[in-house]
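Overview (structure and organization)
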Amino acid sequence: MSAPLLELRNAGVQRGDRQVLAGVSLCLQAGTLTALVGPNGAGKSTLLALLAGDAKPDRGEALLQGRALAEWPVRGLALQRAVMAQDHAVHFAFSVREVVAMGRLPHPPDPLEDARIIDDALAEVDVSSLAERDVQTLSGGEAARTSLARALVQRTPILLLDEPTAALDLRHQERTLHGARELARQGRCVVVVLHDLNLASAYADRIVMLCEGRIAADGAPREVLTREIIAQVYAQPVQVVEHPTRGVPLVVPCDE
């Protein structure tokens, strides 16, 4: 096993009287897609913020390539990890292309190469036809795909996506997760916050399930997505069956 790109060691985050994360330890490798799942308020976005270096643990450590994330300079960090946040709002009249191009800022300017990378990302997320649109006129799904394209053009070894499918229709949900899995296959370390357990099951190599700020389960989809674990964490009875074509667990809610 190679050294982890990202690592949390007994990390904890306190917000006033509330323990948001407690005793979280993770090692994240290149070439994997990890899904962070769990109920609302479980700590998923806070955990992603620690991995991004956008928040500091109150206890424990957050490391990138063995070095504390807090010690990385801003530009150096931007060359190592790209982040798609939940909030996609842009409050200025930039075009979609201009917003996506912002993801190239950490790199030395190369107009021809930058243009090619931007065009590829626009096509990858299916917003090429919107390239000259004012981002303030986009739908929620279009804005989310633009935000994803901006993260993709950073071309970083680590890609952190916070609920990238939340505003998307079925086709674009599948397209987004398929693209994320392909990036992992190419050697990236991809971490995705998801609410849809079936998307996590279909595309993730590893699922980390959080509950009340702690890791409740961590492993391959078949190890984590069991009736017992889901019922305990989500307080919702389910059936877990085999997906008819994908050969992965399929989670079906049951009546109370």
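Anyway, here's the lowdown on the structure attached to this text. (Residues numbered from 1 in each chain as written. Predicted model: local features only at pLDDT ≥ 70, side-chain atom pairs only at ≥ 80, totals over all residues. Heavy atoms only, no water.)

1. Focus: the sheet that holds strand β3 (residues 32-37)
Pairing within the open sheet is mixed, and its 6 strands lie in the order β6-β7-β8-β3-β9-β10. Each having just a single partner strand, β6 (81-84) and β10 (214-219) make up the two edges of the open sheet. Adjacent strand axes in the sheet meet at a mean angle of 15°, parallel and antiparallel pairs treated alike. Sheet topology note: the β3/strand β8 (residues 189-193) ladder contains 5 bridges and is parallel. Bridge pairing in β8 places A35 opposite V192. Running over the sheet, helix α5 (residues 140-152) touches β6 and β7 (158-162) and is turned about 175° from β6. (Pairing = 2+ DSSP bridges. Helix = DSSP H or I, 4+ residues; strand = E, 2+ residues; numbered from the N terminus. Axes fitted to C-alpha atoms, helices over the stretch in contact; angles between N-to-C directions. Contact = heavy atoms within 4.5 Å.)

2. Observations regarding unusual backbone geometry
Even without glycine at this site, Q65 takes up a positive phi of about 50°. Residue position: Q65 is located in the loop between β4 (59-64) and β5 (67-68). Assessed through its relative accessible area of 44%, Q65 is described here as partly exposed. Within the chain, A235 stands out as a residue other than glycine whose phi angle is a positive 55°. By the element assignment, A235 lies in the loop between α9 (227-234) and β11 (238-242). (Buried < 20%, exposed > 50% of the residue type's maximum accessible area, 1.4 Å probe, protein only.)

3. Notes on helix α4 (residues 111-124)
Taking 1.5 Å of rise per residue, 14 residues should cover 20 Å, and α4 covers 20 Å from first to last C-alpha, within 8% of that figure. Along α4, the residues that are buried comprise D114, I117, I118, A121 and L122. In an axial view of α4, the angular spread of the buried residues amounts to 135°, which keeps them on one side of the axis. The inward-facing, buried residues of α4 contact α3 (96-101) and α5. Following α4 by one or two positions, D126 has its phi on the positive side, about 65°. (Expected span 1.5 Å × (residues − 1). Arc of directions from axis to C-beta.)

4. A few points about the side chain of D114
As for its position among the elements, D114 is in helix α4. Of note is the side chain of D114, whose polar atom sits 3.0 Å from the side chain of R104. Once residues lying within four places of it in the same chain are set aside, the contact partners of D114 are R104 and P109. (Polar contact = N/O pair within 3.5 Å; in protein donor to acceptor, adjacent residues only side chain to side chain.)

5. A closer look at the packing of aromatic side chains
Aromatic ring pairs are described here by two measures, namely the spacing of the ring centres and the angle between the planes. Counted by the stated rule, this structure contains 1 aromatic pair. Lying across the ring of W72, R67 places its NZ or CZ 5.0 Å from the centre. (Phe/Tyr/Trp six-rings, centres within 6.5 Å; stacked < 30°, edge-to-face > 60°. Lys NZ or Arg CZ within 6 Å of the ring centre and 35° of its normal.)

6. Points about the pairing of β3
By the criterion of burial, β3 is predominantly enclosed, with 5 of the 6 residues buried. Bridging between β3 and strand β9 (residues 206-211) involves 4 bridges; their strand directions are parallel. Counted as the bridge partner of A35 is I207 from β9.

7. Concerning the sheet that holds strand β1 (residues 6-15)
Each strand in a sheet pairs with its neighbour through backbone hydrogen bonds, running either in the same direction (parallel) or in the opposite one (antiparallel). On the basis of which strands lie adjacent, the open sheet formed by 4 strands has the order β2-β1-β4-β5 and antiparallel pairing. Each of the sheet's edge strands pairs with one partner strand only, and the pair in question is β2 (18-28) and β5. For β4 and β5, the ladder comprises 2 bridges, and the chain directions are antiparallel. Counterpart to L63 in the pairing with β5 is A68.

8. Brief notes about the pattern of salt bridges
Under the defined criterion, the tally for this structure stands at 15 salt bridges. In this structure, R171 engages D126 in a salt bridge whose closest nitrogen and oxygen atoms are separated by 3.2 Å. You can see R171 sitting in helix α6 (residues 170-185) and its partner D126 sitting in the loop between α4 and α5, a full 45 residues away along the chain. One continuous salt-bridge network, built from bridges that share partners, spans E7, R9 and E61. (Salt bridge = Lys/Arg side-chain N within 4 Å of Asp/Glu carboxyl O.)

9. Focus on the side chain of S95
Within the secondary structure layout, S95 lies in the loop between β6 and α3. According to the relative accessible area criterion, S95 is buried, its value standing at 10%. Every residue in contact with S95, bar those within four places of it in the chain, is listed here: A131, E132, R133, D134 and V135.

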